[in-house]
Amino acid sequence: MGTRRYDPERRQRIIDAAIRVVGSKGIAGLSHRSVAREADVPLGSTTYHFKTLDELMVAALRQANEGFAKVVAAHHALADAGSDLPAELAELLGEWLAGDRVGVELEYELYLAALRRPALRPVAAEWCEELAEVVARRTDPVTARALVALLDGISLQVLLTGGEYDAAYTREMLARLIP
C-alpha cells in the first residue's frame, strides 16, 4: 500500500452515506459497517470520523435539519408584521412536505430516533427551537412553541397516513392558536 491520500471530502461522504442507509434500511440498518460499504470507504474511516453511531447520527440529523432551515430562511414574509402568519406557516409546511418525501421521512426517522438515543435530543430539538424563535418575533414564546408543536403534529400525521397535506385546514388551526 502507498501513502494514505488526503481526502477532505470523506467525512461528508460518510454522512451522505449514512443518510442513504437510513433512507433505504431505516435506523435499524445503520452501522459503521453498512455506512462504510455505502460510502465505499474502509471501516476504519467511519470510526475515525465518528467514534460512535450516535455521533454519526447527530451529523446526519444536523444535515437533515438544514433542509428545513433553508425552507424557513426562504420565507422572508414570516418576519413581515403585515403578512398573514398562519397562512405563511401553512405554506411553509406545505413546501417542506411537497419536497423530497424520502428526505422528509428520513428527517422524521432521525428526529424520532432521539426518543431512544439521548445524544440526539439536542439536535432533534434544533429545528423546533429555530422555527419557534422566528415565530416568537410575531407572537410570543409560548404561542410560538404551541404553533410549532401543531405543525410538528400535522407533519407527522401526513407522513404516517400517507395523506394529502391540507394547507387550508392547517392555516385555520394555526389561526385558532394565535391570540
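Look above for the structure.
Treat the numbers as computed from the prediction; the structure is a model and nothing was measured. (Residues numbered from 1 in each chain as written. Predicted model: local features only at pLDDT ≥ 70, side-chain atom pairs only at ≥ 80, totals over all residues. Heavy atoms only, no water.)

Colleague: Explanation requested: the overall build of the protein chain in the structure shown.
Modeller: Of regular secondary structure, the protein chain possesses ten helices and zero strands. Mapped in sequence order, the helices and strands of the protein chain form the string α-α-α-α-α-α-α-α-α-α. Its C-alpha atoms give the protein chain principal-axis dimensions of about 65 × 30 × 25 Å. Long-range contacts, defined as pairs at least 24 residues apart, comprise 63% of the intrachain contacts of the protein chain with a sequence gap of at least 6. (Helix = DSSP H or I, 4+ residues; strand = E, 2+ residues; numbered from the N terminus. Contact = heavy atoms within 4.5 Å.)

Colleague: Can you walk me through the layout of surface pockets in this structure?
Modeller: Over the atoms, a rolling probe the size of a water molecule traces out where space has been left empty. By volume, the second largest pocket is sized at about 200 Å³. If you go around the second largest pocket, you meet 14 residues; those closest to its centre are Asp100, Val102, Gly103, Val104 and Glu107. Listed by contribution, the elements that provide at least two residues to the lining of the second largest pocket are α1 (10-25), α4 (53-74), α5 (85-98) and α6 (101-113). Here the lining of the second largest pocket is built from residues that sort into seven nonpolar, three polar and four charged. (1 Å grid on protein atoms, 1.4 Å probe; cavity = no way out; pocket = protein on both sides within 12 Å on 5 of 7 lines; lining within 4 Å. Points joined across faces, edges and corners; volume = space filled by probe spheres on them. Nonpolar A, V, L, I, M, F, W, Y, C, P; charged D, E, K, R; others polar.)

Colleague: Where do I start with empty space enclosed by the protein in this structure?
Modeller: Per the counting criterion, the structure on display carries two cavities of 30 Å³ or more. Approximately 60 Å³ is the volume found for the largest cavity. Around the largest cavity, the lining residues are Asn65, Trp96, Glu107, Tyr108, Tyr111 and Trp127. Looking at the lining of the largest cavity element by element, the count peaks at three residues for α6. Broken down by class, the residue content of the lining of the largest cavity amounts to four nonpolar, one polar and one charged.

Colleague: Can you help me understand the environment of alanine 36 in this one?
Modeller: Turning to its location among the elements, alanine 36 is positioned in helix α2 (residues 32-39). Note: C-alpha distance between alanine 36 and alanine 90 (54 residues apart in sequence) is 39 Å. Apart from the residues lying within four places of it in its own chain, the contact partners of alanine 36 are Val41, Pro42, Leu43 and Thr46.

Colleague: I would appreciate a short explanation of the packing of aromatic side chains in the present structure.
Modeller: By convention here, two paired aromatic rings are described through the distance between centres and the angle between planes. Enumeration according to the criterion identifies five aromatic pairs in this entry. Relative to tyrosine 108, the ring of tryptophan 96 has its centre 5.9 Å away and its plane inclined at 55°; by these criteria the two rings are tilted. Of this pair, tryptophan 96 sits in helix α5 while tyrosine 108 sits in helix α6, and the two are twelve residues apart along the sequence. Taken individually, tryptophan 96 and tyrosine 108 each receive the classification buried, so the pair is uniform in this respect. Taking 5.2 Å as the distance between ring centres and 85° as the angle between the ring planes, the aromatic pair formed by tyrosine 108 and tyrosine 111 counts as edge-to-face. Here the residue tyrosine 108 and the residue tyrosine 111 both occupy positions in helix α6, the gap between them amounting to three residues, near one helical turn. Of the two residues examined, tyrosine 108 and tyrosine 111, each falls in the buried class. Three or more aromatic residues link up through ring pairs in this structure, and these residues are Phe68, Trp96, Tyr108, Tyr111 and Trp127. (Phe/Tyr/Trp six-rings, centres within 6.5 Å; stacked < 30°, edge-to-face > 60°. Buried < 20%, exposed > 50% of the residue type's maximum accessible area, 1.4 Å probe, protein only.)

Colleague: Explain the packing of α6 against helix α9 (residues 141-161) to me, please; I cannot follow it from the model alone.
Modeller: How two helices sit against one another is set out by the angle between their axes and by the gap between those axes. Packing of α6 against α9 brings their axes to within 11 Å, and their N-to-C directions diverge by 120°. For the pair α6 and α9, the crossing hand works out as left-handed. Where α6 abuts α9, its residues Arg101, Val104, Glu105, Tyr108, Tyr111 and Leu112 lie against Asp152, Ser155, Leu156, Val158 and Leu159. Each residue belonging to the contact of α6 with α9 can be placed in one class, and the counts come to seven nonpolar, one polar and three charged. (Axes fitted to C-alpha atoms, helices over the stretch in contact; angles between N-to-C directions. Left-handed = near helix turned anticlockwise from the far one by under 90°.)

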